[in-house]
Amino acid sequence: LTTCTWRCRRVAMDDRLLLGLYDDVTNVEAHSTLLRYFQELTSSPDGWKICATDFAKRVHSSDEVKFFSLRVMEQHARQKHAYSSDDDILAFRRELLSWLQPLQMQHEEKVFIKKKMAQIFGLVFVVDYPSKWPDFFTDLLNCVEMGSPAVAEMFLRILLAIDEEVVDRQVIHTAEENVRNTSIKDTMRDHHVHLLVDCWYQMLVANECDQVVICSLVLEVIGKYISWIDINLIANDRFVGLILKYLSAAQLRESAIDCLHEIVSKGMEPLSKLNLVESFFKVLVEVGILTTAASMDQDVDFEAKVSKFLNGIGVALVASWSKCVFYHASERWSG
């Protein structure tokens, strides 16, 4: 393509061009052209707008074109959003929220498309919340209340993306980012975590019979967030009863046991941890998970997760015992 032709194509996404390049991606020249198109769009002030417009028509686009559009928007969120004008920040925000409208969510997207959409939300979140977008969670929860199961699923994927950007210890952050992330968590704990917890509970209650994906995602989100939110918001009768019930559901029991493992691994006072472990262990015996007959279904993956959970219980009890020993020793020394 000549420079003139190339710039003319920038006024709108060229689906046919992109599909042709993807179809011939093993060709070095086609790959270079695709990369050059990506760089042109990411360097253009209006590149993300072109891609957002195209993505809004995603019912008519291929997965390759949709993902390409999202990659351009991801680059904008990652590198330029923080330095954009107020008008562009608001425009980008409106574009993201439009994705959560029921009409837009009627078309079922592939999981990798949903994850990329959620990732873009997460990148914008760490820049805008709380100073520029204090109502981030309120806006999303309003969409969930008016939306469909597809909107609820997207919301949960956004929460997982936020965890990856803010909490995930496997992601290396700069000192400045660590300060930012601590501030974000403090603000969330003070103003929005209780709203999120109530939403999780309502989703579990409303979807336990027919929406396995949503219930699994809720359990995954709880497992991620439990490390830094108040344990009492989850370790209570209404939540634990629901989660334990899922141990008898074939499609949810792996998610449930993973969630329970994260809960039991949470730092707590020794006596509270002991009471929690006892309640878990009692139910495991009642539902037969620890019996030989229960293990004869040859679900190796589930058995591995149960083993991990039991190991977590052992580690938690040893840690609690060590704390008690330390406390008693300290009292003797101080006395």
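Since the structure is predicted, the reported quantities are computational estimates derived from the model, not experimental observations.

Undergrad: Before we go on, may I ask you to explain the overall build of the protein chain in this structure?
TA: Summing up its helical and strand segments, the protein chain has 16 helices and zero strands in all. For the protein chain, buried positions account for 46% of its 335 residues. Here the analysis covers contacts within the protein chain between residues at least 6 apart in sequence; of these, 71% occur between residues at least 24 apart. Accessible surface computed for the protein chain: about 17,400 Å², of which carbon and sulfur atoms make up 54%.

Undergrad: For this particular structure, what's the right way to read helix H10 (residues 175–191)?
TA: Because each turn of an α-helix spans 3.6 residues, side chains separated by three or four positions end up pointing in the same direction. Taking 1.5 Å per residue as the helical rise, H10 with its 17 residues ought to reach 24 Å, and the 25 Å between its terminal C-alpha atoms agrees with that figure. Burial in H10 covers these residues: Asn181, Ile184, Lys185, Thr187 and Met188. On an axial view of H10, the arc spanned by its buried residues comes to 165°, and they lie on one face. Summarising the geometry of H10, the exposed residues directed more than 90 degrees from the buried face are Ala175, Glu176, Val179 and Asp190. Buried-residue contacts for H10 involve helix H7 (111–128), helix H8 (136–146), helix H9 (149–166), helix H11 (193–207) and helix H12 (212–225).

Undergrad: So what exactly am I meant to see when it comes to the side chain of His261 here?
TA: Mapped onto the secondary structure, His261 falls in helix H14 (residues 253–264). Residue His261 is classed as buried on the basis of its relative accessible area, which comes to 13%. Those residues in contact with His261 that sit more than four places away from it in its chain are Lys308, Phe309 and Gly312.

Undergrad: Looking at this structure, how should I read the packing of aromatic side chains?
TA: Within this structure, the stated rule accounts for 16 aromatic pairs. Pairing Tyr129 with Phe137 gives two aromatic rings, centres 5.4 Å apart and planes at 80°, and the pair type is edge-to-face. For the pair Tyr129 and Phe137, a shared accessibility class is recorded, and that class is buried. Cluster of aromatic residues (ring-pair linked, three or more members): Phe125, Tyr129, Trp133, Phe136 and Phe137. One Lys or Arg, Arg238, reaches over the ring of Tyr201 and ends 4.4 Å from the middle of that ring. The ring centre of Phe302 lies 4.2 Å from the NZ or CZ of Arg253, which sits over that ring.

Undergrad: Help me understand the pattern of salt bridges in this model?
TA: Opposite charge on two side chains makes pairing possible when the charged atoms of those side chains draw close. Tallied over the entire structure, the rule returns 16 salt bridges. In this structure, the salt-bridge partner of Lys66 is Asp63, at a minimum N-O distance of 3.2 Å. Here the residue Lys66 and the residue Asp63 both occupy positions in helix H5 (residues 63–79), the gap between them amounting to three residues, near one helical turn. In this pair, the class of Lys66 matches that of Asp63, namely buried.

Undergrad: What is the right way to read the environment of Asn178 from this model?
TA: Checked against the element boundaries, Asn178 lands in helix H10. Asn178 sits 11 residues away from Val167 along the chain, and the two C-alpha atoms are 9.2 Å apart.

Undergrad: Before we go on, may I ask you to explain the confidence of the model for the protein chain in this structure?
TA: Where the model shows low pLDDT, its predicted coordinates should not be examined in detail. Taken residue by residue, the protein chain gives an average pLDDT of 85. The fraction at 70 or more is 84%. Across the protein chain, H7 holds the top mean pLDDT of 97, while helix H1 (residues 3–9) sits lowest at 41. Low pLDDT, under 50, characterises residues 1–11; the stretch is placed with 17 contacts to residues that sit more than four places away or in other chains.

Undergrad: What am I meant to see in a nonpolar patch on the surface here?
TA: Together, Phe281, Val285, Leu290 and Leu310 make up an exposed nonpolar region whose accessible area comes to about 310 Å². For Val285, the position within the fold is in helix H15 (residues 270–286).

Cut-offs and rules
Residues numbered from 1 in each chain as written. Predicted model: local features only at pLDDT ≥ 70, side-chain atom pairs only at ≥ 80, totals over all residues. Heavy atoms only, no water. Helix = DSSP H or I, 4+ residues; strand = E, 2+ residues; numbered from the N terminus. Buried < 20%, exposed > 50% of the residue type's maximum accessible area, 1.4 Å probe, protein only. Contact = heavy atoms within 4.5 Å. Areas by Shrake-Rupley, 256 points an atom, 1.4 Å probe, with all protein chains shown as cover. Expected span 1.5 Å × (residues − 1). Arc of directions from axis to C-beta. Phe/Tyr/Trp six-rings, centres within 6.5 Å; stacked < 30°, edge-to-face > 60°. Lys NZ or Arg CZ within 6 Å of the ring centre and 35° of its normal. Salt bridge = Lys/Arg side-chain N within 4 Å of Asp/Glu carboxyl O. pLDDT = per-residue confidence, 0-100. Patch = residues over 30% accessible without salt bridge, like charges linked within 9 Å, V, L, I, M, F, W, Y side chains within 5 Å.

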